[in-house]
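# Chains, contacts and geometry: an overview
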Amino acid sequence: MPVIPLLPLFHKFNSQYFENSLAVNNQPLVKVRWSDNRLKTTAGFYKRKRINGLVDSEIILSKPILSKLSTSEIKSTLCHEMIHAWVDRILKKNEIHGPNFLEKMNEINKKEKNFQISVRHSFPIERRELKYIGTCQNCGEKFFYRKRIKNIACKKCCLNFFNGSWNKKCLILFD
């Protein structure tokens, strides 16, 4: 299926579910676009950054993943990311899939007949194999990764021994 224009859907959902709060004078507070062909492991994401004191945010949907799926899955993903934008830009809360997100998701799902939003999707994604083994130098637990990651620490050890703060004593080392 070819990719569909996202801006008309954004405006429709903004009106239906967000009381037009995600646009000012019909201009979105958030850029909305399809990814280039590199976004292959997630269906979409919301990101924000601050440039010279101004917030710049955007929703990016994965062309490689969603172009193979139905319109309802595209709509579900867009709406999911719009909830992230709404929580961040309108409620000004710093949460991922917290209570505000879940409440809005459930509210939309009760009204929507053509798609349902979820916290996690089950779209087919090709992933590289897990070929690297890292070992926590503190507890010895082993973790599997797709690539080597520098300065990563064992979350369990950081939580148990350092009040959740990163500590070099909990580094995960690769063979």
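The sections below set out a description of the structure shown in this document. (Residues numbered from 1 in each chain as written. Predicted model: local features only at pLDDT ≥ 70, side-chain atom pairs only at ≥ 80, totals over all residues. Heavy atoms only, no water.)

### Structural notes on the packing of aromatic side chains
Across all of its chains, the model carries 4 aromatic pairs by this definition. Each ring, one from Phe18 and one from Trp86, has its centre 6.2 Å from the other, and the planes form 55 degrees; the classification is tilted. Of this pair, Phe18 sits in the loop between helix H1 (6-17) and strand E1 (23-24) while Trp86 sits in helix H3 (residues 71-90), and the two are 68 residues apart along the sequence. Residue classification places Phe18 among the buried positions, given a relative accessible area of 0%. Geometrically, the ring pair formed by Tyr145 and Phe174 is edge-to-face, given 5.4 Å between the ring centres and 70 degrees between the ring planes. Taken together, the positions of Tyr145 in strand E7 (residues 142-145) and Phe174 in strand E8 (residues 172-174) put the pair 29 residues apart, joining distant regions of the chain. For the pair Tyr145 and Phe174, a shared accessibility class is recorded, and that class is buried. Chaining the aromatic ring pairs together yields one cluster made of Phe13, Tyr17 and Phe115. A cation over an aromatic ring shows up here: Lys104 above the ring of Trp86, its NZ or CZ 4.4 Å from the ring centre. (Phe/Tyr/Trp six-rings, centres within 6.5 Å; stacked < 30°, edge-to-face > 60°. Helix = DSSP H or I, 4+ residues; strand = E, 2+ residues; numbered from the N terminus. Buried < 20%, exposed > 50% of the residue type's maximum accessible area, 1.4 Å probe, protein only. Lys NZ or Arg CZ within 6 Å of the ring centre and 35° of its normal.)

### Here's the deal with the packing of H1 against H3
Here H1 crosses H3 at 60 degrees, and the two axes come no closer than 10 Å. It follows from the interaxial angle that H1 and H3 lie oblique. The handedness of the crossing between H1 and H3 is right-handed. For the pair H1 and H3, the contacting residues are Leu6, Leu9, Phe10, Phe13, Asn14 and Tyr17 in the first and Ile74, Lys75, Leu78, Cys79 and Met82 in the second. Tallied by class, the residues present in the contact of H1 with H3 amount to 9 nonpolar, 1 polar and 1 charged. (Axes fitted to C-alpha atoms, helices over the stretch in contact; angles between N-to-C directions. Parallel < 35°, antiparallel > 145°, perpendicular 65-115°, else oblique. Left-handed = near helix turned anticlockwise from the far one by under 90°. Contact = heavy atoms within 4.5 Å. Nonpolar A, V, L, I, M, F, W, Y, C, P; charged D, E, K, R; others polar.)

### Re the packing of H3 against helix H4 (residues 99-111)
One can describe the packing of H3 onto H4 by two numbers: an axis separation of 10 Å at closest approach and a directional angle of 135 degrees. As the angle between them shows, H3 and H4 are arranged oblique. Regarding H3 and H4, the two cross each other, and that crossing is right-handed. Where H3 abuts H4, its residues Cys79, His80, Ile83, His84, Trp86 and Val87 lie against Asn100, Phe101, Lys104, Met105 and Ile108. In terms of residue class, the contact of H3 with H4 is made up of 7 nonpolar, 3 polar and 1 charged.

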